[in-house]
Amino acid sequence: MLVTSYDVLSTSEALPFPIDGHTDVGEERRLRYRYLDLRSAAGPGAALRTRSKVTNAARRVMERHDFLEIETPYLTRSTPEGARDFLVPVRLQPGSWYALPQSPQLFKQLLMVAGMERYYQFARCFRDEDFRADRQPEFTQLDVELSFCEQDDILALGEDLLSTIWREVLDVEIPTPFPRMTYDDAMRRYGSDKPDVRFGLELADLTALFAKTDFKVFQSEHVGAVLVPGGATDYTRKQFDAWQEWSKSRGGKGVAYVQVGADGIPAGGIAKFLREDELRGLVAATDAKPGDAVFFQSGPKRQTLEALGALRVAVAKDRGLIPEGRWEFLWVTDAPMFEATDDGGWTAVHHPFTRPRKADEAGLVDAPGEALAIAYDVVLNGSEIGGGSLRIHERDLQEKVFGVLGLSAEEAQSKFGFLLEAFKYGPPPHGGIAFGWDRILQHITGTESIRDVIAFPKTASGGDPLTGAPTPITTAQRREAGIDKQPASASSASSTGPTGAAPPNRPAAETRPDTERN
RNA sequence: GGUCUCGUGGUGAAGUCUGGAGUUCACGCCGCCCUGUCAAGGCGGAGGUCGCGGGUUCGAAUCCCGUCGAGACCGCCA
């Protein structure tokens, strides 16, 4: 090409960091200049282009299945998902607040009552909880609800959706139907409700073996083990100590272990506290070979299984046992309806509108811990990428569930009265599912952090280094928003009617006007 | 709320454990030169309160305390 003339359309100063993709730049810096970061051919810029493709593919699937895309409000009432709400003051009703939705759960159920038999939406959801590598305070779900459906209909839809995306975007054929596993099996075999089945290392249950043990540590509700292939030959004393630290940093008591010698007999660690039949038994139960190590956990069942599950994944990572390039989709079904709370009550594992299995409806109130839900999570490589349930549409069954959850009729009425009222008018049987769109994109793009698939993400302290949000507000804004106003009924926070006369407004706390941030 | 890691020219790192002159490497930037380029090449140059505050010390990037910011995890969270 020979340039004969040119015009300068725009000029640029020296860039604050290289965007050539050859230098690793700190994330804080890249977020501060996100618009430059996104220019890079690789990284988050490419992720956003992929994201658009994925979303389009999903829309085509939903359209093919005759779903309607319907938007629900962002300024709304608190939704019953259990997380902390983001709140928005309402100028026209000083002292009253909107909540940003944690999900469109209630609205999509209302849409079912409205006869919108098949609904979907790419919905932004807001939860005011602490961050993780895969958690942001605002995130996107592909939210789906349909009427007159069974669990299998929804699973088939999910399989069509995900396999189509993988085929169209990654050119990967995912076999359907996906394997299914019950929640109970997942906990028992993998110590997790979202098992990573790309590798084995299934947990061994040694509770029966150690039922009459003299070893005090193992005299507990549950004793389990994880095999560590090659752990006896490869791990030094220092490395075993590091596992103790690992466990303690997660609030555990440590990791008991034995090393299987060349003769196939466990030695070292806690071996000297165990009888010979116990040593033989644990080798058989874990299928340990000479040179392997075995890690143990003991204690209350649930807690121990979860600790073992975390240990299993950490061991697999450490031993390099997790194969790359595999896509292991899995449905985890039949989760419990309720989970015991610390204060002796019950809390919903999914949410209060989740339907129990037919067989469990009768015993719901007497044995809440036994009841299983018609609920399903879709798991990919050990990470939960979606979940849903069939819902309750009968008033009496819903009241039973509220009862177990310790919600009085008044409380239920004040929180979800509008939904219960809608359910008076012939709600169709319905159910749905929501897919964590950011997490799915994380998998497809192979990124470590959810921030890499979001155009303008926030840092772990909830700030945006680009805009400097959040910022303090001025005294004038504070007054106008009415945020210091206290409605008369604030204590119950339940009235659906107009608020009564507010008590005298307390003087607004001294706030500085917006301070500049960079 | 808790545990841990990190903060050094514009960018990325080494130096910190074991205190001794702002030392080093790569990229970028500026100037000159060369050039059939495509992550160009040669020569020269500028640029840093070692996040911030305090302490210990003859002396602190380095040790101690505090604080701010970033990241990971636990708690929390469908």
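Up top you'll find the structure we're talking about.
Reading the values: the criteria
Residues numbered from 1 in each chain as written. Chains lettered and ligands numbered in written order. Predicted model: local features only at pLDDT ≥ 70, side-chain atom pairs only at ≥ 80, totals over all residues. Heavy atoms only, no water. Pairing = 2+ DSSP bridges. Helix = DSSP H or I, 4+ residues; strand = E, 2+ residues; numbered from the N terminus. Contact = heavy atoms within 4.5 Å. Axes fitted to C-alpha atoms, helices over the stretch in contact; angles between N-to-C directions. Near = heavy atom within 4 Å. Polar contact = N/O pair within 3.5 Å; in protein donor to acceptor, adjacent residues only side chain to side chain. Nonpolar A, V, L, I, M, F, W, Y, C, P; charged D, E, K, R; others polar. Phe/Tyr/Trp six-rings, centres within 6.5 Å; stacked < 30°, edge-to-face > 60°. Buried < 20%, exposed > 50% of the residue type's maximum accessible area, 1.4 Å probe, protein only.

**Observations regarding the sheet that holds strand β8 (residues 222–228)**
Reading across from one edge, β7-β8-β11-β9-β10 is the order of the 5 strands in this open sheet, with antiparallel pairing throughout. Since the sheet does not close on itself, it has two edges, and those belong to β7 (204–205) and β10 (266–267), each with one partner. Docked against the sheet, helix α8 (residues 237–249) engages β9 (256–260) and β11 (293–299), running at close to 150° with respect to β9.

**Here's the deal with the protein's contact with RNA strand B**
Surrounding RNA strand B, one finds 30 residues, the nearest of these being D24, E81, R135, D377 and E384. For RNA strand B, the backbone makes up 59% of the atoms found within 4 Å of the protein, where backbone means sugar plus phosphate. In the environment of RNA strand B, a phosphate oxygen lies 3.2 Å from a nitrogen or oxygen atom belonging to the backbone of G82. At 3 residues, helix α1 (residues 27–32) tops the list of elements feeding residues into the surface near RNA strand B. Its residues placed into classes, the surface near RNA strand B shows 8 nonpolar, 7 polar and 15 charged.

**Focus on the packing of aromatic side chains**
Scanning the entire structure with this criterion turns up 23 aromatic pairs. Judged by centre distance (5.5 Å) and plane angle (20°), the rings of F402 and F416 are stacked. Separated by 14 residues along the polypeptide, F402 in helix α11 (residues 395–404) and F416 in helix α12 (residues 409–422) bring together distant segments of the chain. Among the residues examined, F402 registers a relative accessible area of 3% and is labelled buried. Members of the aromatic cluster, joined through ring pairs, are W166, F178, W327, F329, W331 and Y376.

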